[in-house]
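Geometric and topological summary
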Amino acid sequence: MKRTFRLLLPIVYAALIVTFTACEESPIKSDYDYPVDTNKAPKGVVTLDADVYMTKARFAGEVSEYANLVDFGFVYCPDSILNKADGSFEKAVLQGLIPSRNMISMKASVLTNDFDSIFKGLSPNTDYAYATYAVNYNGVTYGDPSLFRTGATYASILDVNGAMDQSVWESKNFYQVDKDGDGRNFEFSIFKLTHKGYISYAKQGPNIYTPDNLFVLPGKTIGIDMKLDFMVYPTGTTAAFCSDKYSILISKDSITLTNCDQAAVLDSLTFSYPVGVTTVPDSLRFVERSIAIPQEYNHSKVWIAVRHHQNTKQGLFIEKLKLY
């Protein structure tokens, strides 16, 4: 969560002045001066190393007694800006070198002394500096600056959808696992003349299958704060023929016939519809979701699969996969 950092001491003083002026007697200055003691400014303010992937970075820091702080969070800027203030965030802030949008409060969203936040859209191939800050009524303390360098302009690892031709899908080198061993797996298809993707059949003409098929993205090294967008749906048009099941799997090992049951499940659904629904409209049938990749897979090579299995009736269609 991004919040603009504001030094709150002037606001607190103003509030005290208003309170006292409401009294019958005018106060003297010593009645409302807050006795600032710089020796009691926040302690234990620590900046940890940034975790960087392309133009995204995870900032992490620590403070002491967070509940007693007026505010705390992160401040960042290009290293070239910090150099103008002799490497001091305190000087850079006081001199107005850092815009308010680069001062991010974590006070409202954190209930611990250690915290982190993802920052996106940084400039590519650029040196940055950031620091943790903490504020109480005695002053502001900055952790030691941490330097990092961004990578190339951010790009998706995978992005295919129903508007793309077979050659584009095939260029991503998906492979398949025929878990049920019936010799039928996912195959490229054009559904209803316009939707391009891959289908796994449970029934095709007079042929009935009991599929357990996996459509697998080969190993890709991912970064931080990654997401998988996907769109899948049963090909049946009536509720009676839309009981297919899908699962989204992830593993740090290549997904194979022998180990696919050990892969972690990120998402799973057996399609079902309310009583009384016979013909299922696309708005109910199409499932389009975005799921976060757990942090345990950050900076790891992963295999991701769409599995069509167990409860099946007509077929399962994959129309969109995006890993970014």
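First, a word on what this report is: a plain description of the structure on this page. (Residues numbered from 1 in each chain as written. Predicted model: local features only at pLDDT ≥ 70, side-chain atom pairs only at ≥ 80, totals over all residues. Heavy atoms only, no water.)

Brief notes about the overall build of the chain
Let me state the cut-off plainly: Put simply, DSSP H or I for four residues or longer makes a helix, DSSP E for two residues or longer makes a strand, and each gets a number counted from the N terminus. Only protein chains enter the accessibility calculation, which uses a 1.4 Å probe; a residue is then buried when its area is under 20% of its type maximum, exposed when over 50%, and partly exposed in between. Computed with the Shrake-Rupley method and a 1.4 Å probe, the accessible areas treat only the protein chains shown as cover for residues.
For the chain, the count of helices and strands is six helices and 22 strands. Classification of the 324 residues of the chain by burial places 43% in the buried group. Accessible area for the chain stands at about 16300 Å²; split by element, carbon and sulfur atoms hold 51% of it.

Concerning the sheet that holds strand S11 (residues 175-178)
Worth spelling out the cut-off: For two strands to be treated as a pair, DSSP must find at least two bridges joining them. Between the N-to-C directions of two axes lies an angle of 0 to 180 degrees, each axis being a line fitted to C-alpha atoms and, for a helix, fitted only over the stretch in contact.
Taken in spatial order, the five strands make up an open sheet running S11-S16-S21-S18-S19, and their pairing is antiparallel. Because the sheet does not close on itself, it has two edges, and the strands there are S11 and strand S19 (264-270). Recorded for the sheet is a direction-independent mean angle of 20 degrees between the axes of neighbouring strands. Relative to strand S21 (residues 301-308), strand S16 (residues 213-221) runs antiparallel, the two being bridged by seven bridges. Of the residues in S21, the one forming a bridge with Lys 220 is Val 302.

Quick word on empty space enclosed by the protein
The test is simple: Here the term cavity refers to a set of points on a 1 Å grid, laid over the protein atoms alone, in which a 1.4 Å probe fits but cannot get out; the term pocket refers to an open set having protein on both sides within 12 Å along at least five of seven lines, with lining residues being those that place an atom within 4 Å of a point. Grid points are joined across faces, edges and corners, and a volume is the space filled by probe spheres set on the points. Polar here means any residue outside two lists: the nonpolar Ala, Val, Leu, Ile, Met, Phe, Trp, Tyr, Cys and Pro, and the charged Asp, Glu, Lys and Arg; Gly therefore counts as polar.
Scanning all chains against the criterion turns up one cavity of 30 Å³ or more. Its volume calculated, the largest cavity comes out at about 50 Å³. As for the largest cavity, its lining consists of Leu 158, Phe 174, Phe 215, Val 216, Leu 217, Leu 228, Ile 304, Ala 305, Val 306 and Leu 321. Taken together, the elements giving at least two residues each to the lining of the largest cavity come down to S16 and S21. For the lining of the largest cavity, a count of residues per class yields ten nonpolar, no polar and no charged.

Points about the environment of Glu 288
For the record, the criterion: By definition in these notes, contact holds between two residues if any of their heavy atoms fall within 4.5 Å. Two N or O atoms count as a polar contact when they lie within 3.5 Å, although within protein this holds only if one can serve as hydrogen donor and the other as acceptor, and sequence-adjacent residues are included solely when both atoms are side-chain atoms.
Mapped onto the secondary structure, Glu 288 falls in strand S20 (residues 287-292). Separated by 56 residues in sequence, Glu 288 and Val 232 have C-alpha atoms that sit 6.7 Å apart. Not counting chain neighbours up to four residues away, the residues in contact with Glu 288 comprise Phe 230, Met 231 and Lys 320. At a separation of 3.1 Å, a polar atom in the side chain of Glu 288 contacts the side chain of Lys 320.

Re the nonpolar core
To keep things clear, this is the line we draw: In this description, a nonpolar core means a group of buried Ala, Val, Leu, Ile, Met, Phe, Trp, Tyr and Cys residues linked to one another through side-chain atoms lying within 4.5 Å.
Counting 34 residues, the largest nonpolar core has Ile 293 and Leu 321 as the members making the most contacts within it. At the level of elements, strand S10 (158-160), S16, strand S17 (227-234), strand S18 (245-251), S20, S21 and strand S22 (315-323) are the ones that each hand at least two residues to this core. Ignoring anything within four residues of it in the chain, the contact list for Leu 321 reads Leu 158, Asp 159, Val 160, Phe 174, Phe 215, Asp 229, Phe 230 and Val 306.

A look at the pattern of salt bridges
Under the convention used in this document: Take a side-chain nitrogen of Lys or Arg and a carboxyl oxygen of Asp or Glu: if they are within 4 Å of each other, that pair is a salt bridge.
Counted according to the given criterion, the structure contains 15 salt bridges. For the salt bridge of Asp 116 with Arg 58, the shortest nitrogen-to-oxygen distance reads 3.8 Å. In this pair, Asp 116 sits in strand S6 (residues 114-119) while Arg 58 sits in strand S3 (residues 56-62), placing the two residues 58 residues apart along the sequence. On the basis of relative accessible area, Arg 58 is assigned to the buried category, the value being 10%.

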